[in-house]
Amino acid sequence: WDFDKNDNSTFDGTADDHGTHVSGTIGAKGGNGIGVAGVNWNVTIISAKFLGRRGGTTANAIKAVDYITDLKTRHNLNIVATNNSWGGGGFSSGLQSAIERANTANILFVAAAGNGGNDGVGDNNDVTANYPSNYPNANIIAVAAITSSGGLASFSNYGATTVDIGAPGS
């Protein structure tokens with residue numbers, strides 16, 4: 001569902017491709033000679049979009065998180081994790097509560113550590129919180145972006161105590 005436009009079309013043109021790119025990194029089938037290979041070749045992906053050309057709202061982010069939680073709790077879908085490769089905005093008790101509802105439903109909330117400031121250099125999340133990755137909920141896995149050689153991507157946020165893991169990001 002597209003909570004930004006309130007419709008069931010989550011693709012809004014070629015300038016709207018971040019989710020497609022990340023989905024490919026997660027689950028593009030490998031060994032078929034087509035495009036790229038993702039990290040899990042046998043996965044089902046459900047879209048819950050809340051960002052549009054003008055950004056998004058925290059209210060719609062909450063709706064998207066709750067939508068996925070509802071699919072698991074009321075509709076019995078086997079959802080184990082959500083990818084949240086977005087960030088921005090300050091602390092929100094409403095969003096933290098939605099993430100906790102997902103936690104209660106045993107859904108991991110995998111969140112981007114962040115892309116730093118305008119200078120292209122990542123920020124230390126131990127010093128300056130980046131949300132949603134810095135919420136203290138037990139189901140959050142904060143992910144830094146790494147390069148193909150395993151180093152921290154130049155733009156990625158980091159943090160010895162607030163970032164859990166690195167994954168392909170550049």
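To start, this report covers the structure provided alongside it. (Residues numbered from 1 in each chain as written. Predicted model: local features only at pLDDT ≥ 70, side-chain atom pairs only at ≥ 80, totals over all residues. Heavy atoms only, no water.)

## Thoughts on the overall build of the protein
Counting its secondary structure elements, the protein contains three helices and four strands. For the protein, the sequential pattern of α-helices and β-strands runs α-α-β-α-β-β-β. Since a compact globule built from 170 residues should have a radius of gyration of about 15 Å, the 16 Å found for the protein is in line with a globular shape. Principal-axis analysis of the C-alpha atoms places the extent of the protein at approximately 45 × 40 × 30 Å. Looking at the protein alone, contacts between residues at least 24 apart form 60% of all its contacts between residues at least 6 apart. Accessible area for the protein stands at about 9,900 Å²; split by element, carbon and sulfur atoms hold 53% of it. Positive and negative side-chain charges in the protein, numbering 9 and 13 respectively, have mean positions lying 9 Å apart. (Helix = DSSP H or I, 4+ residues; strand = E, 2+ residues; numbered from the N terminus. Rg over C-alpha atoms; globule rule 2.2 N^0.38 Å. Contact = heavy atoms within 4.5 Å. Areas by Shrake-Rupley, 256 points an atom, 1.4 Å probe, with all protein chains shown as cover. Lys, Arg positive; Asp, Glu negative; His and termini not counted. Charge placed at Lys NZ, Arg CZ, Asp CG, Glu CD.)

## Re the packing of aromatic side chains
As enumerated under the stated definition, the model contains six aromatic pairs in all. With a centroid separation of 5.8 Å and 75° between ring planes, the pair formed by Phe91 and Tyr131 is classed as edge-to-face. Of this pair, Phe91 sits in the loop between strand S1 (81-84) and helix H3 (93-104) while Tyr131 sits in the loop between strand S2 (108-112) and strand S3 (140-146), and the two are 40 residues apart along the sequence. According to the relative accessible area criterion, Tyr131 is buried, its value standing at 18%. Judged by centre distance (4.7 Å) and plane angle (45°), the ring pair of Tyr131 and Tyr135 falls under tilted. Of the two residues, Tyr131 and Tyr135, both sit in the buried class. Clustering of aromatic rings is evident, with ring pairs tying together Phe50, Trp86 and Phe109. (Phe/Tyr/Trp six-rings, centres within 6.5 Å; stacked < 30°, edge-to-face > 60°. Buried < 20%, exposed > 50% of the residue type's maximum accessible area, 1.4 Å probe, protein only.)

## Describing the nonpolar core
It is characteristic of soluble globular proteins that their nonpolar side chains tend to be buried jointly. Counting 21 residues, the largest nonpolar core has Leu95 and Phe109 as the members making the most contacts within it. Residue contributions to this core peak at six residues, all from helix H2 (residues 58-73). Setting aside chain neighbours within four positions, we find Leu95 in contact with Thr58, Ala61, Ile62, Val65, Trp86, Pro132 and Tyr135. (Core = buried A, V, L, I, M, F, W, Y, C linked by side-chain atoms within 4.5 Å.)

## What to know about the sheet that holds S1
Overall, parallel pairing links the four strands, which are arranged S1-S2-S3-S4 in an open sheet. Two strands bound the open sheet, and with one partner strand each, they are S1 and strand S4 (165-168). Ignoring which end each strand starts from, the neighbouring axes of this sheet average 35° apart. The sheet contact formed by S1 and S2 spans four bridges and is parallel. Pairing of Asn84 across the sheet is with Ala111, part of S2. (Pairing = 2+ DSSP bridges. Axes fitted to C-alpha atoms, helices over the stretch in contact; angles between N-to-C directions.)

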